Amino acid sequence: METPIKILLDRKREGRELAVSEIRALIAAYTKGEVPDYQMAAFAMAVCCRGMTAQETLALTESMRDSGSCLDWSDLLRPTADKHSTGGVGDKLSLIIQPLAASCGVAVPSLTGRGLGLTGGTADKLESIPGYNASLSLADFKRVVADCGCSMTVQTAEIAPADKKLYALRDVTGTVPSIPLIVASILSKKLAEGAGTLVFDVKCGKGAFMQTPDQAQALAEALVNGAKGAGRKAAALVTAMDEPLGFAVGNALEVKEAIDVLKGEGRQPEDVVSLSVEFAALMLSLAKGFDLETSRARCRENLANGKAYAVFAEMVRLQGGDLARFEAENRDGGDAPSLELKVERAGYVASIDAQQVARVAFALGAGRAKTDDAIDPAAGVRLAVTHGDAVSPGQPVAKLFARTKSAGLEAAAADLAAAFSFTAEPPPPRRLVLA
Ligand code: URA
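All values reported here derive from a predicted model rather than from experimental measurement.

**Comments concerning the sheet that holds strand β12 (residues 420-423)**
Spatial strand order, β10-β8-β12: three strands in an open sheet with antiparallel pairing. The open sheet has two edge strands, β10 (390-391) and β12, and neither has a second partner. Summarising the sheet, strand β8 (residues 347-352) and β12 pair through four bridges and their orientation is antiparallel. Note that in β12 the partner of V349 across the bridge is F422.

**Remarks on the domain arrangement of the protein chain**
By domain assignment, the protein chain separates into domain 1 (5-51), domain 2 (81-327) and domain 3 (334-423). If you average the C-alpha positions of domain 1 and of domain 2, the two centres end up 31 Å apart. Residue-level contacts link twelve residues of domain 1 with 13 residues of domain 2. Summing both partners gives a buried area of about 1000 Å² for domain 1 against domain 2, and 79% of it is carried by carbon and sulfur. Taken together, the connections running from domain 1 to domain 2 amount to zero salt bridges. If you look at where domain 1 meets domain 2, you find one residue pair in polar contact (both at pLDDT 80 or more).

**Brief notes about the pairing of strand β4 (residues 197-204)**
With respect to burial, β4 is a largely interior element, eight of its eight residues being buried. Alternating positions in β4 separate into two faces, T197, V199, D201 and K203 on one and L198, F200, V202 and C204 on the other, with burial throughout. Here five bridges tie strand β1 (residues 81-85) to β4, and the two strands are oriented parallel to one another. Across the sheet, residue H84 finds its bridge partner in β4, namely F200. In the sheet, β4 pairs with strand β5 (residues 233-240) via eight bridges, with the strands oriented parallel.

**Some points on the packing of aromatic side chains**
The description of an aromatic ring pair rests on the distance of the ring centres and on the angle between the ring planes. This structure, assessed with the given rule, holds two aromatic pairs. Between the aromatic rings of W73 and F141, the centroid separation amounts to 5.7 Å while the plane-to-plane angle is 80°, which identifies the pairing as edge-to-face. With W73 in the loop between α4 (54-65) and β1 and F141 in helix α7 (residues 138-148), the pair connects residues that are 68 residues apart, well separated along the chain. The buried category is assigned to W73, whose relative accessible area is 6%. An angle of 5° between the planes, with centres 6.0 Å apart, marks the rings of F420 and F422 as stacked. In this structure, K142 is placed above the aromatic ring of W73, and the distance from its NZ or CZ to the ring centre is 5.0 Å. Positioned over the ring face of Y30 is K165, at 4.3 Å from the centre of the ring.

**Description of the side chain of K190**
Structurally, the position occupied by K190 is in helix α9 (residues 179-193). Of the polar contacts made by the side chain of K190, one reaches the side chain of D82; its length is 2.6 Å. Those residues in contact with K190 that sit more than four places away from it in its chain are D82, H84, L111, A195, L198 and R232.

**Digging into the packing of helix α2 (residues 20-31) against helix α3 (residues 37-50)**
Axis separation between α2 and α3 bottoms out at 11 Å; the angle between their running directions is 145°. The chirality of how α2 crosses α3 is left-handed. Contacts between α2 and α3 involve L26, I27 and Y30 from the first element and D37, M40 and F43 from the second. Classifying every residue of the contact of α2 with α3 by side-chain character gives five nonpolar, no polar and one charged.

**Quick notes on the nonpolar core**
As a rule of thumb, nonpolar side chains are buried together in soluble globular proteins. Core analysis: the largest hydrophobic core is formed by 96 residues, its most contacted members being I129, F312, M315, L400, L416 and F420. Taken together, domain 2 (81-327) and domain 3 (334-423) each give at least three residues to this core, which thus spans both. With residues up to four places along the chain from it excluded, the contact list for F312 reads L95, P99, L126, I129, I259, L262 and L323. Counting residues in hydrophobic clusters, the runner-up holds 24 residues, among them I27, A29, A41 and A59.

**Comments concerning the state of the cysteines**
Overall, the coordinates contain zero disulfides when judged by the stated rule. C148 supplies the cysteine sulfur nearest to C150, a cysteine that is in no disulfide, at a spacing of 5.8 Å. Look at C150 and you get buried, because its relative accessible area is 0%.

**Side note on the site of the ligand**
Near the ligand, the surroundings consist of Y167, R170, I182, S185, I186, K189 and F209. Here a nitrogen atom of the ligand sits 2.6 Å away from a polar atom, N or O, in the side chain of S185. When isolated, the ligand has an accessible area of 240 Å², and the protein chains bury 83% of it. Elements represented by at least two residues in the shell around the ligand include exactly α8 (161-171) and α9. Counting residues per element, the shell around the ligand draws most heavily on α9, which supplies four residues.

**What about the pairing of strand β3 (residues 150-154)?**
Counted residue by residue, β3 has five buried out of five residues, so it is predominantly covered. Alternating residues of β3 divide into C150, M152 and V154 and S151 and T153, and every residue in both groups is buried. As paired strands, strand β2 (residues 108-112) and β3 are joined by five bridges and run parallel to one another. Pairing of V108 across the sheet is with C150, part of β3.

**Here we look at the sheet that holds β1**
Strands sit in the order β1-β4-β5 across an open sheet of three strands; the sheet is parallel. The strands lining the two open edges of the sheet, one partner per strand, are β1 and β5. Ignoring strand direction, the axes of neighbouring strands in this sheet form an average angle of 15°. Of the strands in this sheet, β1 and β4 are in contact with helix α5 (residues 93-103), which crosses β1 at around 170°. Contacting β4 and β5, helix α10 (residues 213-229) crosses the sheet at an angle of about 170° to β4.

Reading the values: the criteria
- Residue numbers here run from 1 along each chain, matching the order of that chain's written sequence.
- Residue-level local features of this predicted model are given only where pLDDT is at least 70; pairs of side-chain atoms are given and counted only at 80 or more, and the full residue set underlies all totals for whole chains, interfaces and linings.
- Each side-chain value is derived from all of the structure's non-hydrogen atoms; neither hydrogens nor water enter the calculation.
- Strands are treated as partners if at least two bridges between them are detected by DSSP.
- To qualify as a helix, a DSSP run of H or I must reach at least 4 residues; to qualify as a strand, a run of E must reach at least 2; elements of each kind are numbered from the N terminus.
- A domain assignment, automatic or from a database, supplies the domain bounds used here.
- Contacts are assigned to residue pairs that have any heavy atoms within 4.5 Å of one another.
- Buried area, as used here, totals the accessible surface that two parts lose on assembly, with accessibility defined by a 1.4 Å probe and the loss added over both.
- Salt bridge, as used here, is a side-chain nitrogen of Lys or Arg placed within 4 Å of a carboxyl oxygen of Asp or Glu.
- What qualifies as a polar contact is a pair of N or O atoms within 3.5 Å, subject to a donor-acceptor requirement within protein and to the restriction that residues adjacent in sequence count only when both atoms come from side chains.
- The cut-offs for exposure are 20% and 50% of the maximum accessible area for each residue type, with area from a 1.4 Å probe on protein chains only; residues under the lower value are buried, those over the upper are exposed, and the others partly exposed.
- Note on aromatic contacts: the rings of Phe and Tyr and the six-membered ring of Trp form a pair at centre separations within 6.5 Å, being stacked when their planes are under 30 degrees apart, edge-to-face when over 60 apart, and tilted otherwise.
- Consider the ring centre and the ring normal. A charge sits over the ring if Lys NZ or Arg CZ is within 6 Å of that centre and within 35 degrees of that normal.
- For helices, the fitted line uses only the C-alpha atoms of the stretch in contact; every axis is such a line through C-alpha atoms, and the angle between N-to-C directions lies from 0 to 180 degrees.
- The sense of a crossing depends on the near helix, which, turned anticlockwise from the far helix by less than a right angle, makes the crossing left-handed and, turned clockwise, makes it right-handed.
- Residues are grouped as follows: Ala, Val, Leu, Ile, Met, Phe, Trp, Tyr, Cys and Pro are nonpolar; Asp, Glu, Lys and Arg are charged; all remaining types, including Gly, are polar.
- The nonpolar core is taken to be a set of buried Ala, Val, Leu, Ile, Met, Phe, Trp, Tyr and Cys residues, with the residues joined through side-chain atoms within 4.5 Å.
- Cysteine sulfur atoms are paired as a disulfide whenever they come within 2.5 Å of each other.
- Whether a residue is near a molecule or strand is decided by its heavy atoms; if any one of them lies within 4 Å of it, the residue is near.
- The accessible surface values rely on the Shrake-Rupley method and a 1.4 Å probe; as for residues, cover is taken only from the protein chains in view.

In structure tokens form, the structure reads like this:
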């Protein structure tokens with residue numbers, strides 16, 4: 001490196017702007033193992049405290065993107081788009097949005113994550129389908145996208161290796177909550193994935209990474225500006241995450257709910273359906289240049305006529321999954337030990353605390369605390385009611401499931417009861433899209 005790292009650290013600590021070439025050199029050297037973790041941790045802390053300009057953030061993002069492979073989709077005959085969510089409780093939207101957008105003529109190459117902490121990752125959810133391979137090689141990933149328009153698989157080691165290293169370091173040095181670092185981390189992976197349009201779902205509330213609308217809005221703007229700065233079409237919505245999305249929280253339960261939405265079966269979770277249409281329509285409108293209302297109409301149509309489900313089923317088949325077996329085994333929550341939670345009083349469901357529901361699902365085995373922990377695909381919570389529903393004494397409001405941790409069902413049910421609050425009058429409706 002031309003400028004010694006010590007000088008860069010001094011300058012960043014004093015809040016001065018680093019040159020694009022200096023940031024590029026720093027990330028290249030860190031990726032090769034030429035910058036020790038203690039200096040990189042000091043750099044991350046200086047960025048946390050002092051921030052970065054838009055130009056610095058873009059330089060950090062692009063150098064992390066360039067630390068590994070970047071995919072090229074120019075041989076496909078259709079435009080590419082992907083949606084990224086900052087993660088929420090019961091957030092199975094990707095399982096619906098990606099095939100829905102693909103069914104409308106957009107190709108969706110989606111590199112996704114495994115869950116760590118309370119909220120599950122899309123790859124974990126999909127792996128609850130017997131045989132589903134969520135660890136495709138990049139060549140197979142490209143083949144599945146070319147064959148059916150959509151693939152969801154975990155990001156390989158070739159994608160943004162600098163982010164993998166830096167994120168692990170940030171995790172143990174108190175340097176995760178910094179907007180420039182979060183933007184560079186998320187965007188470097190999404191840019192390397194190569195989709196021409198990127199749509200971001202920035203969750204805000206008790207069950208989310210961003211707890212206030214101001215923080216969520218700032219992250220949303222920074223992600224969109226960064227993606228546009230790197231030459232992509234981009235948009236973001238800030239969406240509510242105080243209450244779980246839909247009825248299901250837990251891997252297999254969420255996949256089953258997503259399939260029910262794609263097939264139009266059972267009680268439809270209105271929040272999941274309307275956000276799925278909204279995000280898929282945004283992808284379609286940006287990628288293909290349709291106006292938003294036409295895009296929404298097309299998405300609603302392909303949800304209703306089964307075309308989105310057909311893409312999902314074909315993707316699962318191409319990735320080795322046995323959907324018929326999954327559906328047969330997961331009717332009504334499957335055969336895992338379960339326990340119903342009933343209410344004692346009459347009223348209306350005024351709120352269901354997303355964070356508390358996530359803690360219960362996690363305690364039942366639906367999440368992992370360390371990257372190598374095993375998860376129980378059957379574990380979780382299926383709500384029987386949603387915001388605004390009327391309840392009467394003795395009515396079940398949720399069912400809890402656990403296989404490996406079934407001894408904890410009673411205690412978990414007591415914890416889950418604390419997530420509900422009821423009022424005598426119907427509560428005001430929830431606002432799903434905050435900005
Ligand atoms: N998700 C990421 O991929 N990176 C962050 O820094 C935060 C959330």
